[in-house]
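# Survey of secondary and tertiary structure
If you want the building blocks of each chain, they are given just below.
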Amino acid sequence: MSTPTAGRADGRKRVVVLDYGSGNLRSAERAVAHAGADVVVTADPEQALAADGLVVPGVGAFAACMAGLTDVGGPGLIARRVAEGRPTLAICVGHQVLFDAGIEHGVRAPGCAVWPGLVEQLAVQRLPHMGWNTVEPPAGSGLFAGIEDERFYFVHSYGVRMLAETPGRTVTWAEHEGDRFVAAVEEGPLWSTQFHPEKSGEAGTALLRNWVATL
Amino acid sequence: MSVAVRVIPCLDVHEGRVVKGVNFVDLRDAGDPVELGSVYGHEGADELTFLDVSASVEGRRTTLDVVRRTAETVLIPLTVGGGVGSVGDVDGLLRAGADKVSINTAAMRRPEVITEITQRFGNQVLVLSVDARRSAATPSGFEVTTHGGRQSAGVDAVEWAARAAELGVGEILLNSIDADGTTDGFDLEMIRAVRAVVDVPLIASGGAGRAEDFPPAVAAGADAVLAATVFHFGTVRISEVKQAIRDAGYPVRLGAA
């Protein structure tokens, strides 16, 4: 068969889903694979550093997630990949721990402090914010290219309600019962989403495809 | 701009197979929950719920395999319930690929298990499932039932929902035993009564017969609507339910999964 080589397995990008004990790994694994990458789930720092793309998932409480991430050297890994311009995508609590700190039940836990800002409980009646919501990506967002009007699946009670949009930093907002919070950030090689693209059906797959295309 | 009302088909799974009849479009195997889950995903289901009605250990093991295979193919949230009583049960289901787990009788027997589960996995993973019926014996006029609605638990359903929400469940699935199977519509008074005392998302279940039955449940305070038989028999399509909810002025997600 004289088929073109494009699209063959050896041309696929390699993505590591960072395994640091924060559930949801299989979902992230198969969703990224569905979006066209070869995926390995591991905590091995060498593989995580060398991968074309790194996915940092996250489920549960901020402090527990940060502790698990720290145990596998996650904050250093992320910092190195950012410094080297290597793409990293953080999801849900993985997104939250990129900020300065999180406040849960009055207790402040430090985050990776890549971005300035606090993760705090949304000031709304209906919590958790659970389900499919719209987002407001600004013009030029690579993450939301072609899927600006889709809904994505959110499950969270905490969020970042202030983040400056600087040159080079694209911030996508969402809203729940009038409270606005950061739904996604794109800054250089580091992208993150508060929602779960791996649970967001075809829209989520399209978003992950947008990310894989940058690898 | 607000979160969409979720439409959730529910599958009763017994030893790895769908029970209660399924009468549906071109299925190779109407009893396979994985295939049916995938069909519902393509039809626009916002989540899937599996209720494991297996009694045997072997049956539960088979269900875990079904959860695993479903999570491989369906890219929307999956809730699994039935026989969940401990942190270990939840851990097993989450590892198999469930996103949320629903708990019922075991939480009533030992309410501390709610805190044990949510402290470990977060509030968002735990759905309290309440099978309730009208009763003159409780203050709210609604009581919790067990054994598929045949027995009274002697507990006020509205009080129990409020207490479970305080203990930390992330969501409440309210099933009306009186309305279940009648196709006469949801028990709106029951939805209103529970809505009045909890802030967590509320899923209404029981009684839907037509697409027009769903919007009133939303008006009564439901954040999501769940049904089984009407979807399995194709009496009502998920898209029709969404259209009806949308026509009533509530947001829905129109894309397929």
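Residues numbered from 1 in each chain as written. Chains lettered and ligands numbered in written order. Predicted model: local features only at pLDDT ≥ 70, side-chain atom pairs only at ≥ 80, totals over all residues.

Definition in use: UniProt positions are given in the numbering used here, feature names are shortened, and annotations may be inferred rather than shown by experiment.
By the naming in an unreviewed UniProt entry, chain B goes by Imidazole glycerol phosphate synthase subunit HisF and is assigned to Friedmanniella luteola. In its Sequence similarities (unreviewed entry) section, the UniProt record describing chain B reads: "Belongs to the HisA/HisF family." Regarding chain B, the UniProt comment filed under Catalytic activity (unreviewed entry) reads as follows: "5-[(5-phospho-1-deoxy-D-ribulos-1-ylimino)methylamino]-1-(5-phospho-beta-D-ribosyl)imidazole-4-carboxamide + L-glutamine = D-erythro-1-(imidazol-4-yl)glycerol 3-phosphate + 5-amino-1-(5-phospho-beta-D-ribosyl)imidazole-4-carboxamide + L-glutamate + H(+)".

The name recorded for chain A in an unreviewed UniProt entry is Imidazole glycerol phosphate synthase subunit HisH, from Friedmanniella luteola. The record held by UniProt for chain A lists under Function (unreviewed entry) the comment "IGPS catalyzes the conversion of PRFAR and glutamine to IGP, AICAR and glutamate. The HisH subunit catalyzes the hydrolysis of glutamine to glutamate and ammonia as part of the synthesis of IGP and AICAR. The resulting ammonia molecule is channeled to the active site of HisF." According to its UniProt record, chain A has this under Subunit (unreviewed entry): "Heterodimer of HisH and HisF."

## Structural notes on the overall build of chain B
For clarity, the threshold we go by: Each helix is a run of H or I in the DSSP string that is no shorter than four residues. Each strand is a run of E no shorter than two, and both are numbered from the N terminus. Using C-alpha atoms as the atom set, the radius of gyration is obtained and then compared with a globule rule of 2.2 Å times the number of residues to the power 0.38. For every residue, the other C-beta atoms within 10 Å of its own C-beta are counted; 20 or more classify it as buried, 12 or fewer as exposed, and values in between as partly exposed. C-beta atoms are placed from the backbone.
Regarding its fold elements, chain B presents 10 helices and 11 strands. Here the C-alpha atoms of chain B give a radius of gyration of 17 Å, agreeing with the 18 Å that 2.2 N^0.38 yields for 257 residues. Seen through its C-alpha atoms, chain B measures out along the principal axes to roughly 50 × 45 × 35 Å. Counting all 257 residues of chain B, 54% fall into the buried class.

## Some words on the packing of helix H3 (residues 87–96) of chain B against helix H5 (residues 112–121) of chain B
Residue and element names in this part refer to chain B. Rules: Angular values range over 0 to 180 degrees, each being the angle between N-to-C directions of two axes fitted as lines to C-alpha atoms, with helices fitted over their stretch in contact. For this classification, under 35 degrees means roughly parallel, over 145 means roughly antiparallel, 65 to 115 means roughly perpendicular, and everything else is oblique. Handedness of each helix crossing follows the sense of rotation of the near helix against the far helix: counterclockwise by less than a right angle gives left-handed, clockwise gives right-handed. C-beta atoms are first placed from the backbone for all residues, and any pair lying within 7 Å is then listed as a contact. All residues other than Ala, Val, Leu, Ile, Met, Phe, Trp, Tyr, Cys, Pro, Asp, Glu, Lys and Arg, Gly among them, are scored as polar; the first ten of these are nonpolar and the last four charged.
Packing of H3 against H5 brings their axes to within 9 Å, and their N-to-C directions diverge by 40 degrees. Taken together, the axis directions place H3 and H5 in an arrangement best described as oblique. Crossing angle aside, the handedness with which H3 passes H5 is right-handed. Of the residues in H5, those in contact with Val 87, Val 90 and Leu 94 of H3 are Glu 116, Ile 117, Arg 120 and Phe 121. Of the residues contributing to the contact of H3 with H5, the split by class is five nonpolar, no polar and two charged.

## Some words on the sheet that holds strand E12 (residues 179–187) of chain A
Residues and elements named next belong to chain A. Selection rule: Only strands joined by at least two bridges in the DSSP assignment are considered to pair.
Strand order in the open sheet formed by seven strands is E2-E1-E3-E4-E13-E12-E11, with mixed pairing between adjacent strands. Lying at the two open borders of the sheet, with one neighbouring strand each, are strand E2 (38–42) and strand E11 (169–176). With strand direction ignored, the average angle separating the axes of adjacent strands in the sheet is 25 degrees. As paired strands, strand E1 (residues 14–18) and E2 are joined by five bridges and run parallel to one another. Bridge pairing links Val 16 to Val 40 in E2.

## Some thoughts on the environment of Ile 177 of chain B
Residue and element names in this part refer to chain B. The topology assignment puts Ile 177 in the loop between strand E9 (171–176) and helix H7 (188–195). For Ile 177 and Val 19, which are 158 residues apart along the polypeptide, the C-alpha to C-alpha distance reads 18 Å. In this structure Ile 177 touches Asp 131, Ala 132, Arg 133, Thr 145, Gly 149 and Gly 206, once residues within four positions along its chain are discounted.

## Some details on the UniProt feature "active site" (unreviewed entry) in chain B
All names here are of chain B. If you check UniProt for "active site" (unreviewed entry), the listed places come out as Asp 12 and Asp 131 in our numbering. Examined against the element boundaries, Asp 12 turns out to sit in strand E1 (residues 6–14). Using a count of 19 C-beta atoms within 10 Å as the deciding quantity, one classes Asp 12 as partly exposed. Each residue touching Asp 12, except ones within four places of it in the same chain, is listed here: Val 18, Val 19, Lys 20, Leu 51, Val 53 and Ala 228. Among the secondary structure elements, Asp 131 is positioned in strand E6 (residues 126–134). Look past the residues within four positions of Asp 131 in its chain and what remains in contact with it is Val 144, Thr 145, Gly 149, Asn 175 and Ile 177.

## Overview of the sheet that holds strand E10 (residues 158–160) of chain A
Residues and elements named next belong to chain A. Taken in spatial order, the four strands line up as E6-E5-E7-E10 in an open sheet, and their pairing is mixed. In this open sheet, the two strands that pair with only one neighbour each are strand E6 (107–110) and E10. Taken over all neighbouring pairs, the strand axes of this sheet differ in orientation by 25 degrees on average, direction set aside. Sheet analysis places strand E5 (residues 99–104) next to strand E7 (residues 115–121), joined by three bridges and oriented parallel. Among the inter-strand pairings, Phe 99 is bridged to a residue of E7, identified as Trp 115. The strands touched by helix H3 (residues 62–71) are E5, E6, E7 and E10; relative to E5, the strand with the most contacts, the crossing angle is about 135 degrees.

## A look at the UniProt feature "active site" (unreviewed entry) in chain A
Following the UniProt record, the feature "active site" (unreviewed entry) maps to Cys 92, His 196 and Glu 198 of chain A here. These annotated residues cover 107 residues of sequence, and their C-alpha atoms lie no more than 10.7 Å from one another, placing them together at a single site. Inspection of the secondary structure puts His 196 of chain A in the loop between strand E13 (190–193) and helix H6 (201–212). C-beta crowding within 10 Å serves as the criterion here: with 25 such atoms nearby, His 196 of chain A is assigned to the buried category. Residues in contact with His 196 of chain A, not counting those within four places in the same chain, are Ile 91, Cys 92, Tyr 153 and Val 155 of chain A. Note that Glu 198 of chain A resides in the loop between E13 and H6. Dropping the residues within four chain positions of it, Glu 198 of chain A is found in contact with Ser 27, Ala 28, Ala 31 and Gly 204 of chain A together with Leu 75 of chain B.

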